[in-house]
Amino acid sequence: MADPAEAVLCSCAMAIETLIYGIALAGVAVNAAAGVLEAGRKPFDLFGMVVVALAAALGGGSLRDMLLDRTVFWIADQSYLVAAIIAGLATFAVVRVVRLPPRLFLLPDAVGLALFTVSGTQAALALDAPWLVASLMGVITGVFGGIVRDVLCNEVPLVFSGELYATASWLGALLLVGLVSHGVSAGWAALAAGSLVLAIRLLAIRFRWRLPVFSARA
Amino acid sequence: MADPAEAVLCSCAMAIETLIYGIALAGVAVNAAAGVLEAGRKPFDLFGMVVVALAAALGGGSLRDMLLDRTVFWIADQSYLVAAIIAGLATFAVVRVVRLPPRLFLLPDAVGLALFTVSGTQAALALDAPWLVASLMGVITGVFGGIVRDVLCNEVPLVFSGELYATASWLGALLLVGLVSHGVSAGWAALAAGSLVLAIRLLAIRFRWRLPVFSARA
Amino acid sequence: MADPAEAVLCSCAMAIETLIYGIALAGVAVNAAAGVLEAGRKPFDLFGMVVVALAAALGGGSLRDMLLDRTVFWIADQSYLVAAIIAGLATFAVVRVVRLPPRLFLLPDAVGLALFTVSGTQAALALDAPWLVASLMGVITGVFGGIVRDVLCNEVPLVFSGELYATASWLGALLLVGLVSHGVSAGWAALAAGSLVLAIRLLAIRFRWRLPVFSARA
């Protein structure tokens, strides 16, 4: 209680928890929408769209939970599944009528990445995973859904192609692990790490930062 | 005991259980055979055939069991593994000699889909999964094996391409969940749901019912 | 203690355990390196390289552990993760400067396959898995990482294309299961099985032994 900031954080803990839950649902929804947009380039039927949407939205967290032997998050709380299905269907309906600019999804997608990274890393830390494992769980949660989406669409995963995406996730996850191990409270550490992911991702989009692409044969 | 139909169902419960087990093994075998037929279009060796057969036959149930944190069914009972390997090898041997008409597999495949859907949904209900999760587990059990098969063969999953296949599975799974939640006994609910899946699938094949295929760029 | 060979084996058990651990780490590192070499043919960034390296090195053991409901090995012991990342980054660095002959990796890769096969089979036997399941776990541990690597790179899995690779793994795994079930001690059985895998693999490379490739349409 000596730290006033900490006290404020505690007093509004419930509001923050509700906010985090809402952002988590939003992250799932945004990833589902992105899955439908990707699947829309292929001659898929409605079911195929929904499956790709579910895989994109829930794939990362599912793999994390299976690896960590936790109850899979969308089995424990069906709301995530409902959010992903509704978002997928809504995107499907909207895209049939108007053409959405792809950039529309960049901001919520970046928010989703930040949140998935933080929640994945925290879940691993809560189970006393070692630091490198914990940070990797953050990245898996944030990124694996998009990889499954691209594999199902029979394309090379976008996330491997120079976007500063997974790198942003990993740096944020490492910051979170570092702050927590130095005694920073979970709330502040999550805030700092999530902000870092978001900042890197938005700056990368704005200034077209890219990782060098490597090709052994070129 | 007031319901005579229920009494009959109970008295021949063992016979039904044996029948269900037999159909389950047959479903695994049929999916393994379909896997070999699919892999046969690629320049694969015998081992590749067997792997694709195993993935097609056991993939859906394996993912369901890992997601639900149950013991994986073919690890608990090796018979499924044996059935898949024998069916895969037998199909391999037969296909080298005669050319099987693809339609030969449509009926047993539809039976397999019905049974996988029912068993997957029931397994999830037995673990008190929420209704939407339970129905999705039925679809995963019925359909995921075929998706893995196509991904391993580096093709876009067939199940996404307009076939009324996964949709039949989902409708049956939803019917099963609905009946059970309204107090219908597991046996009758399974019978009704399985029949629905089978009926939709066979009608879809007979009358070439298809889901509209969507393409955002066309 | 009647068996002098067994006594020697016991007396140097710790040395052997250290050796096995070292070889396991080396196997992980070699598979990570092979992943980077494969990913290097695609326009991937550094992160993509590392992910493919991790999937190739840890994928097989991860699937085995999730199927068997064990703690995933690289979560229980972070060293494997560190070894895979370092090997992946080092290969990335080296390949940018010199062009490595692909054959350079064949020997350590064969050693890695032998060790992964033995450790995968032993892990399943320790959990009282039936014999066919146990042997398949050896194959999955040895081979699945390479399949994931190829799927992520959007290519047909190499292991399906006639190489006597998975077959060597399966024969060794079956020998291990057979020896253990006939009362041979775990140490000798592992040695014999690992040697068999290594021998078949090296002979197959030397004399270009291949499985016949089958194509239903040709």
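Just above, that's the structure.
A quick note: this is a predicted structure, and the numbers were derived from the prediction, not measured.

Enquirer: Pulling in residues and values, what's your account of the overall build of chain A?
Expert: In terms of helices and strands, chain A carries 9 helices and 2 strands. Its helices and strands in sequence order give chain A the pattern α-α-β-α-α-α-α-α-α-α-β, from N to C terminus. Looking at chain A as a whole, 53% of its 218 residues qualify as buried. Long-range contacts, defined as pairs at least 24 residues apart, comprise 70% of the intrachain contacts of chain A with a sequence gap of at least 6.

Enquirer: Hey, could you go over the nonpolar core for me, with residue numbers and the actual values?
Expert: Core analysis: the largest hydrophobic core is formed by 232 residues, its most contacted members being Ala32 and Ala84 of chain A, Ala32 and Ala84 of chain B together with Ala32 and Ala84 of chain C. Not counting the four nearest positions on each side in its chain, Ala32 of chain C is found in contact with Ala53, Leu54, Ala56, Ala57, Ala84, Ala87 and Gly88 of chain C.

Enquirer: Which residues make up unusual backbone geometry, and what are the values?
Expert: We note that Asp69 of chain B has phi near 60°; this positive angle belongs to a residue other than glycine. Tracing the backbone shows Asp69 of chain B in the loop between α3 (46-68) and α4 (73-76).

Enquirer: Can you explain the environment of Leu196 of chain B? Please cite residues and give values.
Expert: All names here are of chain B. Locating Leu196 in the fold gives a position in helix α9 (residues 186-207). With 73 residues separating them along the chain, Leu196 and Ala123 place their C-alpha atoms 19 Å apart. Ignoring anything within four residues of it in the chain, the contact list for Leu196 reads Leu171, Gly172 and Leu175.

Enquirer: Which residues make up the relation of the copies chain A and chain C, and what are the values?
Expert: When chain A is fitted to chain C, the best match, at an RMSD of 0.0 Å, comes from turning it 120° and sliding it 0.0 Å along the axis. The relationship between the two copies is best expressed as a three-fold rotation axis. In this assembly, only 12% of the residues forming the interface of chain A have copies in chain C that are likewise at the interface, indicating a heterologous arrangement.

Enquirer: An account of the relation of the copies chain A and chain B is needed here, citing residue identities and associated values.
Expert: Expressed as a screw operation, the relation of chain A to chain B combines 0.0 Å of axial shift with a rotation of 120°, fitting to an RMSD of 0.0 Å. A share of only 13% of interface residues in chain A that are also interface residues in chain B marks the association as one of differing surfaces.

Enquirer: Account for helix α8 (residues 166-181) of chain C, with residues named and values stated.
Expert: For α8 of chain C, with 16 residues, the first-to-last C-alpha span of 22 Å sits near the 22 Å given by 1.5 Å per residue. Among the 16 residues that make up α8 of chain C, 12 are buried, leaving the element largely enclosed by the rest of the structure. Of the positions making up α8 of chain C, those classed as buried are Ala166, Thr167, Ala168, Ser169, Trp170, Gly172, Ala173, Leu174, Leu175, Leu176, Val177 and Val180 of chain C. Those residues of α8 of chain C that are buried lie in contact with α3 of chain B together with α6 (106-126), α7 (131-152) and α9 (186-206) of chain C. Looking one or two places after α8 of chain C, you find Gly183 of chain C, whose phi comes out positive at around 90°.

Enquirer: Break down the interface of chain A and chain B for me, with residues and values.
Expert: Reports often express the size of an interface as the amount of accessible area lost when the parts come together. The interface is formed by 23 residues belonging to chain A together with 26 residues belonging to chain B. For the side of chain A that touches chain B, the elements supplying multiple residues, two or more each, are β1 (44-45), α3 (46-68), α5 (79-97) and α7 (131-152) of chain A. Within the side of chain A that touches chain B, the residues separate by chemical class into 14 nonpolar, 6 polar and 3 charged.

Enquirer: Which residues make up the interface of chain A and chain C, and what values do they have?
Expert: Contact residues are listed per partner, giving 26 residues for chain A and 23 residues for chain C. Listed by contribution, the elements that provide at least two residues to the side of chain A that touches chain C are α3, α7, α8 (166-181) and β2 (213-214) of chain A. Among the elements that make up the side of chain A that touches chain C, the one with the highest residue count is α7 of chain A (4 residues).

Cut-off values and rules
Residues numbered from 1 in each chain as written. Chains lettered and ligands numbered in written order. Predicted model: local features only at pLDDT ≥ 70, side-chain atom pairs only at ≥ 80, totals over all residues. Helix = DSSP H or I, 4+ residues; strand = E, 2+ residues; numbered from the N terminus. Buried ≥ 20, exposed ≤ 12 C-beta atoms within 10 Å, placed from the backbone. Contact = placed C-beta atoms within 7 Å. Core = buried A, V, L, I, M, F, W, Y, C linked by C-beta atoms within 7 Å. Least-squares fit on C-alpha atoms with pLDDT ≥ 70 in both. Expected span 1.5 Å × (residues − 1). Nonpolar A, V, L, I, M, F, W, Y, C, P; charged D, E, K, R; others polar.

Any functional reading would require information that these geometric values do not contain.
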